[in-house]
Amino acid sequence: MTDASEPHPIRPNWAEWFARLIPPFDETPVPRPPQTLWAFFQWCLRGSFPVLMVASVVSVLAGTAEVVSAILLGTVIDLASESSPGTLWSDHVVLFSAIAVFLVVLRPLTFGASAMFQSVVIGPSLNVLVLSRLHRWTLGQDITFFDNDFAGRIAQKQMQTGRAVTESTVEFINTIVFALSSVIATLLLVITIDWRVGLVLGLWFAGYLFYISRFLPRIRKRAEGRAAARAVVTGQVVDTITNMRTVKLFAHAEAEDEAAIRAMDRYREQTLDYGTISTSFRFGLMVIAGLLPVLMVGLTLHFWTQGTATPGDIAATGTVALRIAQMTGWVSFALMGLYANVGEVEDGMNTLAHNHTMADAPDAVPLRNAEGLRFDNVNFIYGRDGDEDEGGGLHNLDLTIAPREKIGLVGASGAGKSTLVALLLRLYDVERGRITVGGQDVRHVTQESLRKAIGMVTQETAMFNRSARDNIRYGRPDATDEEVIAAARAARAHDFILTLEDFKGRTGYDAHLGERGVKLSGGQRQRIALARAMLKDAPILVLDEATSALDSEVEAEIQAALEDAMVGKTVIAIAHRLSTIASMDRIVVMDAGTIVEEGTHEALLARGGLYARYWNRQSGGFLVMEAEAAE
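Residues numbered from 1 in each chain as written. Predicted model: local features only at pLDDT ≥ 70, side-chain atom pairs only at ≥ 80, totals over all residues. Heavy atoms only, no water.

S.K.: For this particular structure, what's the right way to read the overall build of the protein chain?
M.R.: Assigned secondary structure in the protein chain consists of 21 helices and 10 strands. Taken over 631 residues, the protein chain has a buried fraction of 48%. The long-range fraction of contacts in the protein chain, counting pairs at least 24 apart against all pairs at least 6 apart in sequence, stands at 75%. If you sum the accessible surface of the protein chain, you get close to 31,100 Å²; carbon and sulfur atoms cover 59% of it. (Helix = DSSP H or I, 4+ residues; strand = E, 2+ residues; numbered from the N terminus. Buried < 20%, exposed > 50% of the residue type's maximum accessible area, 1.4 Å probe, protein only. Contact = heavy atoms within 4.5 Å. Areas by Shrake-Rupley, 256 points an atom, 1.4 Å probe, with all protein chains shown as cover.)

What follows is the structure, given as structure tokens:
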């Protein structure tokens with residue numbers, strides 16, 4: 001995150017005004033991104049088309065100004081050849097003054113406006129607009145979307161696509177539109193000299209278009225392959241760095257290096273393929289470009305020998321022919337970049353433009369209250385076509401939790417405890433049956449309102465590389481500093497937070513915690529997570545092994561804090577350490593995706609069933625999963 005205290009650079013007022021012509025953070029709701037290329041471009045550029053049209057008109061004026069400059073040069077040469085040296089200036093002072101104004105004032109203003117649209121209006125804001133739009137869409141994807149891909153690869157695709165859309169748009173306006181307007185204006189110029197010169201230019205241009213139409217699709221395809229290979233490199237490297245502690249602990253630096261080298265070698269091969277075809281493309285274009293001044297100037301010279309062209313015509317034709325020939329190299333380079341960017345956009349579109357599989361229903365409404373939970377004949381087996389033999393998931397599960405009731409969930413690994421919680425949070429949708437909160441089906445309430453009503457602390461605590469204050473305040477962004485500190489005190493985190501210091505010298509609540517909170521111990525991370533949940537103060541509290549990373553002394557402190565946090569809330573606590581849930585109102589025992597026992601701690605012990613066996617086989621307060629599995 002950017003430090004809010006960092007000063008912003010001082011820019012002229014005109015730059016600020018023009019920079020706001022395209023709103024970079026337009027939050028107007030947009031439909032899902034299309035999965036066809038040009039429609040996807042339109043989706044990305046939505047809202048900016050009026051400004052892009054103005055920029056195109058300015059580019060046309062700039063391209064036309066080039067040809068007007070050549071016409072004026074030819075006019076001056078003709079006037080010089082027709083006038084005597086003594087009267088040249090006096091006879092044409094007004095015309096020469098107008099030419100000077102055009103060259104010194106109007107032409108620079110036109111090109112300056114074109115550069116301003118490119119660098120101030122379009123480039124900065126459009127890139128951020130597309131990137132924010134893509135990021136907002138990606139945030140709406142279901143959890144499986146992120147589970148199935150590299151975090152670094154997804155981030156790379158967002159950055160790559162935003163940049164490529166912006167550069168494609170800028171190149172199209174400032175190169176293609178400029179070049180086309182120059183060619184059309186040149187065609188009109190040479191037709192006034194002789195229609196046959198115009199015909200030669202038209203035939204040359206047709207050949208030029210035919211040539212690039214054969215090459216550019218191949219360039220685009222190879223650019224797409226290069227972009228995909230580059231994203232794999234990024235994903236591989238980020239995956240390794242993210243898990244660097246595990247790499248070090250298992251001494252697998254060499255294996256990770258080999259995996260990265262393989263990805264980099266693939267990227268090098270794709271880049272080499274792209275470089276090979278681009279070299280051939282540009283060489284052929286240079287040959288075609290060299291033909292144009294030879295044909296146009298040669299033909300105009302021929303007409304001059306026949307008295308149908310003037311020296312000024314030769315100068316004007318030669319100037320624009322050389323300019324177009326030079327422009328051909330520039331345009332060819334721009335076209336390669338444009339098609340390379342189009343390939344990268346297509347590659348990014350294939351990753352990012354997927355439907356939200358966990359979207360809010362069209363009739364979704366905010367959750368009205370969280371008074372009581374009901375799991376009604378719930379079935380969920382992770383989309384395996386009803387094949388219950390593969391294990392996992394939930395099967396015909398019925399469970400009612402009264403308002404402010406506190407239940408403990410117990411069961412071996414794979415019994416379905418975490419699946420039950422994931423379905424409650426609507427990270428997945430039930431395949432049969434339904435889940436209601438306060439009488440409302442979770443599939444017909446907005447996901448945001450549902451999850452705001454549920455506070456959760458998990459065994460694998462999630463930390464952002466932000467300050468300790470920001471990590472706790474994530475539970476309630478509008479909380480005051482005093483409320484943040486109070487939550488930290490309640491979670492027994494305040495004292496150790498005061499001792500923190502990061503590599504930039506920030507201390508206490510301002511200290512950053514490192515990526516995923518790597519600078520904290522497991523117990524410290526869980527206390528930060530507890531403080532976050534306490535600050536959220538949601539009516540439903542889910543504890544998934546919330547004290548598993550704490551030592552016995554700290555756990556006793558946290559347990560007292562948790563008891564205070566649970567007052568007046570509906571609580572679901574998952575635990576393998578059965579002593580932490582013995583005092584719950586009710587304990588629910590799960591096995592193979594179904595509920596096999598439920599009751600108070602004492603009633604379940606007296607029953608002598610699965611829970612009693614778990615309790616008797618505890619070692620240090622934990623379930624001995626291996627013994628149960630062996631049985």
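Next comes the rest of the account.
S.K.: Is there a simple way to think about the pattern of salt bridges in this case?
M.R.: Close approach of charged atoms lets side chains of opposite charge pair. Under the defined criterion, the tally for this structure stands at 16 salt bridges. The salt bridge involving glutamate 269 is made with arginine 268; its shortest N-O contact spans 3.4 Å. The partner of glutamate 483 in a salt bridge is arginine 476, and the shortest N-O contact between them spans 3.4 Å. Residue classification places arginine 476 among the partly exposed positions, given a relative accessible area of 27%. Through salt bridges with shared partners, a single network forms among Arg469, Arg473, Asp481 and Asp510. (Salt bridge = Lys/Arg side-chain N within 4 Å of Asp/Glu carboxyl O.)

S.K.: I'm lost on the confidence of the model for the protein chain in this one. Help?
M.R.: Detail in the predicted coordinates should be disregarded across regions flagged by low pLDDT. Averaged over all residues, the pLDDT of the protein chain is 80; the fraction at 70 or higher stands at 89%. Under a pLDDT of 50 for its full length, residues 1–7 has, in the predicted model, 2 contacts with residues more than four places off or in other chains. Contacts from residues 385–390, a stretch scored under 50 in pLDDT, to residues over four places away or in other chains number 7 contacts. (pLDDT = per-residue confidence, 0-100.)

S.K.: Help me out: how do you make sense of the side chain of arginine 426 in this one?
M.R.: One can find arginine 426 in the loop between helix 12 (417–424) and strand 4 (432–437). You can call arginine 426 buried: its relative accessible area is 4%. Separated by 2.7 Å, the side chains of arginine 426 and aspartate 429 make a polar contact. (Polar contact = N/O pair within 3.5 Å; in protein donor to acceptor, adjacent residues only side chain to side chain.)

S.K.: What is the right way to look at the nonpolar core in this model?
M.R.: Considering soluble globular proteins, one finds that nonpolar side chains tend to be buried as a cluster. In terms of nonpolar packing, the biggest core is built from 45 residues, with Ile472, Ile497, Leu500 and Leu543 touching the most fellow members. Top contributing element to this core by residue count: helix 17 (residues 522–536), with 7 residues. What isoleucine 472 contacts, discounting residues up to four positions off in sequence, is Val484, Ala487, Ala488, Ile497, Tyr509, Ile528, Ala531, Arg532 and Leu535. With 34 residues, the next largest nonpolar core counts Phe215, Tyr274, Leu292 and Leu335 among its residues. (Core = buried A, V, L, I, M, F, W, Y, C linked by side-chain atoms within 4.5 Å.)

S.K.: Where do I start with helix 15 (residues 481–490) in this structure?
M.R.: Because each turn of an α-helix spans 3.6 residues, side chains separated by three or four positions end up pointing in the same direction. Burial in helix 15 covers these residues: Val484, Ala487 and Ala488. For helix 15, the angular spread of the buried residues around the axis is 100°, confining them to a single face. Residues of helix 15 that are buried in the fold lie against helix 14 (468–473), helix 16 (494–498) and helix 17. In the stretch just after helix 15, arginine 492 is the one whose phi turns positive, near 60°. (Arc of directions from axis to C-beta.)

S.K.: How do you make sense of the sheet that holds strand 1 (residues 373–380) when you look at a structure like this?
M.R.: Sheet strands associate in pairs through backbone hydrogen bonding, adopting either a parallel or an antiparallel arrangement. Ordered by their spatial adjacency, 4 strands build an open sheet running 2-1-4-5, and the pairing between neighbours is antiparallel. Across the chains shown, the open sheet's two edge strands, defined by having one partner strand only, are strand 2 (394–401) and strand 5 (440–441). The pairing of strand 1 with strand 2 spans 5 bridges and is classified as antiparallel. By the bridge assignment, leucine 373 is partnered in strand 2 with isoleucine 401. Set on the sheet, helix 12 makes contact with strand 1, strand 2 and strand 4; between it and strand 1 the angle comes to about 115°. (Pairing = 2+ DSSP bridges. Axes fitted to C-alpha atoms, helices over the stretch in contact; angles between N-to-C directions.)

S.K.: Hey, could you run me through the sheet that holds strand 6 (residues 454–457) in this one?
M.R.: The mixed open sheet is built from 6 strands, whose spatial order is 6-7-8-3-9-10. Because the sheet does not close on itself, it has two edges, and the strands there are strand 6 and strand 10 (594–599). Strand after strand, the sheet turns through a mean of 20° between neighbouring axes, direction not considered. Judged from the 4 bridges that link them, strand 6 and strand 7 (residues 540–544) form a sheet pairing that is parallel. The partner of isoleucine 454 across the bridge, within strand 7, is isoleucine 540. Helix-sheet contacts for helix 12 involve strand 3 (406–410), strand 6, strand 7, strand 8 (570–574) and strand 9 (586–591), and the interaxial angle to strand 8 is about 145°. Running at roughly 170° to strand 6, helix 17 makes contact with strand 6 and strand 7 of the sheet.

S.K.: So what exactly am I meant to see when it comes to the pairing of strand 9 here?
M.R.: When a strand is regular, its side chains alternate between the sheet's two faces. Of all 6 residues that make up strand 9, 5 are buried, and the element is covered over most of its length. Summarising the sheet, strand 3 and strand 9 pair through 4 bridges and their orientation is parallel. Residue pairing in the sheet places glycine 408 in a bridge with isoleucine 587 of strand 9. Hairpin connection, strand 9 to strand 10: the antiparallel pair is bridged by 2 residues, and alanine 592 has positive phi, about 55°.

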